[in-house]
Amino acid sequence: MSKRTLLLGSVFALALSGPAMAQGFLVSTNGKVAIGLNPEGHLIAYVSDPDAPLSPLGIAYNFSGQGGRTGWQDALAPGCDCEAWGVAGNGFGNQIGQYTGNAGITLVSQSFVPGTSFTSVTTADGSGLKVTHAFTQAVQTATGALFKAAVTIENPTLATITDVRYARSMDWDVPPTEFSEWVTHKGVPTTTFLLHATNDGFANANPMTAATNSGRVGVPPNTEGLQGTAARDHGSLFVFTFGDLDPGEKAEFEIFYGAGENETDALTLLSLVGPELYSLGQSSLGDRRRDDLPTFIFAFRGVGGEIVVPPPPPPPPPGEVGVPEPASLALLGLGLLGLGFARRRA
């Protein structure tokens, strides 16, 4: 069964019937992070709902004076609506983005609870693949949050679909130094489903052509770590391969979007979801990478890689006190003995 959310009560359930569908948005329960979603599942939405924090809205963080900014600041929308996804099968590639346009992605249905969940179901021309993006909040700290997109690529046809691929691209514009950010990739060499990675956030996300994208500002494709030796206006492009899908078979994985108050907060958030691949977008205020300012996140899980941010150690059971090791007890005993001897001499 594909991962779907049953939406009732005040939920808006919309089906493709001629008019353009509505944009949606999600806001973390701590009020720190928000994302904007288009009907087909790509980000950077022009949201008309008065409860939306921003419009256009990509990935926004609610600043509280960091870097001289206060209020909602977006790390995708400034300058270019450059965020896109694409899918391919049987040699047919399709993609959609506000900046790159729609090449063969057809909306089947959309449903959302304003601010809480958003699900998009689409099909791809040529291959017939069905793609579902189901967005919900994943985890949060006191000062940051991650949203999860559960992605299902399904073969609803009666024949095998070969060479199934998925691509996602984004251009980071991280405040307060939009158009000049530090971007870091982690997990590139250990993610087995990853076919190609570059720092080109302006890329067309057709997986058939994106797999040859050479990236920007002289950084070789499939580079781990910092994407350049200086802050630039760049982003991330990842292309995955899932092999062949037999009739009724599915490929499932998860994408995470969000931000933390600083790099430490961002890595804490990632440790809570166990990512196999991620991109961090950070400010260059003061001509250096600002690990102390809000850090934005784009990550994947379920794409054949190793966990690159391990989970935090579990807390001890309630009421349990750690038992000292024998060597520790011996040292404690010697210390008490010495204290008693010193008192007798005094």
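Residues numbered from 1 in each chain as written. Predicted model: local features only at pLDDT ≥ 70, side-chain atom pairs only at ≥ 80, totals over all residues. Heavy atoms only, no water.

Student: Outline the overall build of the protein chain, listing residues and values.
Tutor: What the protein chain contains, in helices and strands, is three helices and 20 strands. Per-residue burial over the protein chain gives 51% buried out of 346 residues. Considering only residue pairs separated by 6 or more positions, the protein chain has 71% of its internal contacts joining residues 24 or more positions apart. For the protein chain, the computed accessible surface area is about 14500 Å², with 57% contributed by carbon and sulfur atoms. (Helix = DSSP H or I, 4+ residues; strand = E, 2+ residues; numbered from the N terminus. Buried < 20%, exposed > 50% of the residue type's maximum accessible area, 1.4 Å probe, protein only. Contact = heavy atoms within 4.5 Å. Areas by Shrake-Rupley, 256 points an atom, 1.4 Å probe, with all protein chains shown as cover.)

Student: Pulling in residues and values, what's your account of unusual backbone geometry?
Tutor: A cis amide bond links Ser 55 to the next residue, Pro 56, at an omega of 0°. For the bond running from Pro 175 to Pro 176, omega is 5°, close enough to zero to count as cis. Relative to the elements of secondary structure, Pro 176 occurs in the loop between β13 (165–171) and β14 (181–186). Positive phi, normally seen in glycine, also occurs at Asp 163, with a value near 50°. On the secondary structure map, Asp 163 appears in the loop between β12 (145–154) and β13. We classify Asp 163 as partly exposed; its relative accessible area is 26%.

Student: I'd like to hear about the confidence of the model for the protein chain, residue by residue, with values.
Tutor: In this model, the protein chain carries a mean pLDDT of 89, and residues with pLDDT of at least 70 account for 86%. Contacts for the low-pLDDT stretch residues 1–20, under 50 throughout, to residues beyond four places or in other chains number 36 contacts. Note that residues 323–346 has pLDDT below 50 and, in this model, one contact with residues that lie over four places away or in other chains. (pLDDT = per-residue confidence, 0-100.)

Student: A description of the sheet that holds strand β2 (residues 24–27) should follow, citing residues and the corresponding values.
Tutor: Sheet strands associate in pairs through backbone hydrogen bonding, adopting either a parallel or an antiparallel arrangement. The strand order across the open sheet formed by four strands is β2-β3-β4-β5, and the pairing between neighbours is antiparallel. One side of each edge strand has no neighbouring strand; the edge strands of this open sheet are β2 and β5 (70–74). When the angles between neighbouring strand axes are averaged without regard to direction, this sheet yields 20°. As paired elements, β2 and strand β3 (residues 33–37) share four bridges and run antiparallel to each other. Paired with Gly 24 across the strands is Leu 37, a residue of β3. (Pairing = 2+ DSSP bridges. Axes fitted to C-alpha atoms, helices over the stretch in contact; angles between N-to-C directions.)

Student: Describe the pairing of strand β6 (residues 83–89), and please don't skip the residues or the numbers.
Tutor: Both faces of the sheet carry side chains from a regular strand, because those side chains alternate between them. Counting buried positions along β6 yields seven of seven residues, so the element is predominantly enclosed. Judged by which residues are buried, β6 turns out to be covered on both faces: Glu 83, Trp 85, Val 87 and Gly 89 on one side and Ala 84, Gly 86 and Ala 88 on the other are all buried. With six bridges connecting them, β6 and β13 associate as antiparallel partners. If you follow Ala 88 over to β13, its bridge partner there is Arg 165. Looking at chain direction, β6 and strand β7 (residues 92–97) are connected through six bridges and run antiparallel.

Student: Help me get a handle on the packing of aromatic side chains, residues and values and all.
Tutor: With the rule as written, the count across this model stands at 14 aromatic pairs. Their ring planes at 80° and their centres at 5.7 Å tell us that Tyr 61 and Phe 63 sit as a pair that is edge-to-face. Phe 63 matches Tyr 61 in its accessibility class, with the two residues each being buried. When the centroid spacing of 6.3 Å and the interplanar angle of 35° are considered together, the rings of Phe 240 and Phe 253 count as tilted. You can see Phe 240 sitting in strand β17 (residues 235–241) and its partner Phe 253 sitting in strand β18 (residues 250–260), a full 13 residues away along the chain. Through a chain of ring-to-ring contacts, the aromatic side chains of Trp 85, Tyr 166, Phe 193, Phe 238, Phe 240, Phe 242, Phe 253, Tyr 257, Phe 298 and Phe 300 assemble into a single cluster. (Phe/Tyr/Trp six-rings, centres within 6.5 Å; stacked < 30°, edge-to-face > 60°.)

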